[in-house]
Amino acid sequence: PAQAAIMLEKTAADPQCRLALGKALFLAGDPRGALRALEDHAGGSNAGDSESSTLRHLYRGRALEALGEHETAVDELRLYFEQFPDVPRPAETSIEAATDLARAYTALNRQAEAVAQYRMIAGLADSLALWNRKQSVQALEKKDLSGAVVSLQAVLRWNRQDNVSRRLLARALNDLGRHPEALVVWRELDEMLHGDSEALRNIAGLSLEIRRPQDAVAAFRRLREIEDDPDIIERLDAEIRRLESTGQPGIPTVDLRF
């Protein structure tokens, strides 16, 4: 955003560039500069354009809220939602606007209105998660692992509790050979489920791959606690002893499945 603002300053005479400058300055952490740019934009030749006006209310409202001007922030953000209802509003952008509006209402002790905004945010996030989940299923059916990863990451952005998608994401990252990223996701899954056999096997296997046998031992020990098959427990114990004595895996005695 900061680099974009520098470029847009050179074309700030154009009303649309001025609007983009206001957005860039806000995203760069300069709400006062954003307000100045957006105030100038109000008098531009395209100020009456409905889409431009909607975006101006959005970033003026967000900048005012960032500056603690809660009352005026409410006025601007309400106009974002209420003025020109036919203008398309991306769900992600509406979530950002509703979040700032909820914060402003909370600061003004208007709790019921804040709760209404949070309910809207939850509904929008759920819709985004559902849409991206469908996209991930289609990508997996087409064997498009990279596309599936993008969609599954978007699912988890909007619904951190979706462990089915988290598991699919970890598997897809495994299959793509993106093992460091996969390891992070497997660890998240294990933590979210308070112990997961598949996650722990992958944590152990991937830890061995990156030459961290101590992490593999820790995963095997936790896996041993949740296993109830005596044969698997015996093989886990053998693998733990081997790693602790040599620091290197021998002939695999545990199906790591990663």
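Residues numbered from 1 in each chain as written. Predicted model: local features only at pLDDT ≥ 70, side-chain atom pairs only at ≥ 80, totals over all residues. Heavy atoms only, no water.

(A) Inspection of the pattern of salt bridges at higher detail. Within the structure shown, the criterion is met by 22 salt bridges. R133 serves as the salt-bridge partner of D162, at 2.9 Å between the closest nitrogen and oxygen. Pair noted here: D162 is in the loop between α8 (145-158) and α9 (163-175) and R133 is in helix α7 (residues 111-141), with a separation of 29 residues, a long-range link. Residue R133 is classed as partly exposed on the basis of its relative accessible area of 27%. Salt bridges sharing partners connect three or more residues here, namely E39, R56, R60 and E76. (Salt bridge = Lys/Arg side-chain N within 4 Å of Asp/Glu carboxyl O. Helix = DSSP H or I, 4+ residues; strand = E, 2+ residues; numbered from the N terminus. Buried < 20%, exposed > 50% of the residue type's maximum accessible area, 1.4 Å probe, protein only.)

(B) Here's a closer look at the environment of R224. Take R224: it is sitting in helix α12 (residues 213-226). For R224, a relative accessible area of 36% corresponds to the partly exposed category. With 56 residues separating them in the primary sequence, R224 and L168 have C-alpha atoms 24 Å apart. A distance of 2.5 Å separates the side chain of R224 from the side chain of D237, its partner in a polar contact. (Polar contact = N/O pair within 3.5 Å; in protein donor to acceptor, adjacent residues only side chain to side chain.)

(C) Main features of the nonpolar core. Counting 29 residues, the largest nonpolar core has L169, L173, W186, I203, A216, F220 and L243 as the members making the most contacts within it. Looking at this core, the elements with two or more residues in it are α8, α9, α10 (179-192), α11 (197-209), α12 and α13 (230-246). Broken down by element, this core gets its largest block of residues, 6 residues, from α11. Non-local contacts of A216, meaning those with residues more than four positions away in its chain, are made with A204, S207, L208 and L243. (Core = buried A, V, L, I, M, F, W, Y, C linked by side-chain atoms within 4.5 Å. Contact = heavy atoms within 4.5 Å.)

(D) Broad picture of the environment of E65. Within the secondary structure layout, E65 lies in helix α4 (residues 50-66). When its relative accessible area of 11% is taken as the criterion, E65 is described as buried. The spatial distance from the C-alpha of E65 to the C-alpha of L140 is 42 Å, given a sequence separation of 75 residues. Excluding anything up to four places from it in sequence, E65 contacts H70, A73, D100, R103 and A104. In this structure the side chain of E65 is engaged in a polar contact, spanning 2.9 Å, whose partner is the side chain of H70.

(E) Expanded view of a negative patch on the surface. A cluster of like negative charges, contributed by D228, D229, D231 and E234, occupies part of the molecular surface. Summarising the element assignment, E234 is placed in helix α13. The exposure class of E234 is exposed, given its relative accessible area of 57%. (Patch = residues over 30% accessible without salt bridge, like charges linked within 9 Å, V, L, I, M, F, W, Y side chains within 5 Å. Areas by Shrake-Rupley, 256 points an atom, 1.4 Å probe, with all protein chains shown as cover. Lys, Arg positive; Asp, Glu negative; His and termini not counted. Charge placed at Lys NZ, Arg CZ, Asp CG, Glu CD.)

(F) Up close: the packing of α7 against α8. Two numbers describe how α7 lies on α8: the axes approach to 8 Å, and their chain directions differ by 160°. With respect to each other, α7 and α8 are oriented roughly antiparallel. α8 is crossed by α7, and the crossing has left-handed handedness. Contact residues: A125, L128, A129, N132, R133, Q135, S136, A139 and L140 in α7; L145, G147, A148, S151, L152, A154, V155 and W158 in α8. When the residues that make up the contact of α7 with α8 are grouped by side-chain class, the tally is 11 nonpolar, 5 polar and 1 charged. (Axes fitted to C-alpha atoms, helices over the stretch in contact; angles between N-to-C directions. Parallel < 35°, antiparallel > 145°, perpendicular 65-115°, else oblique. Left-handed = near helix turned anticlockwise from the far one by under 90°. Nonpolar A, V, L, I, M, F, W, Y, C, P; charged D, E, K, R; others polar.)

(G) Representation of the packing of aromatic side chains in the model. With the rule as written, the count across this model stands at 2 aromatic pairs. Between Y80 and F81, the aromatic rings sit 4.9 Å apart at their centres with planes inclined by 75°, giving edge-to-face as the arrangement. Overall, the relative accessible area of 1% leaves Y80 in the buried class. In this arrangement the basic side chain of R89 is found over the ring face of Y80, its NZ or CZ atom lying 5.4 Å from the centre. (Phe/Tyr/Trp six-rings, centres within 6.5 Å; stacked < 30°, edge-to-face > 60°. Lys NZ or Arg CZ within 6 Å of the ring centre and 35° of its normal.)

(H) Spotlight on unusual backbone geometry. Residue N109 is not a glycine yet carries a positive backbone phi of 60°. By the secondary structure assignment, N109 is in the loop between α6 (91-107) and α7. One non-glycine residue, R211, adopts positive backbone phi at about 60°. Mapped onto the elements, R211 comes out in the loop between α11 and α12. Classification of R211 as exposed rests on a relative accessible area of 69%.

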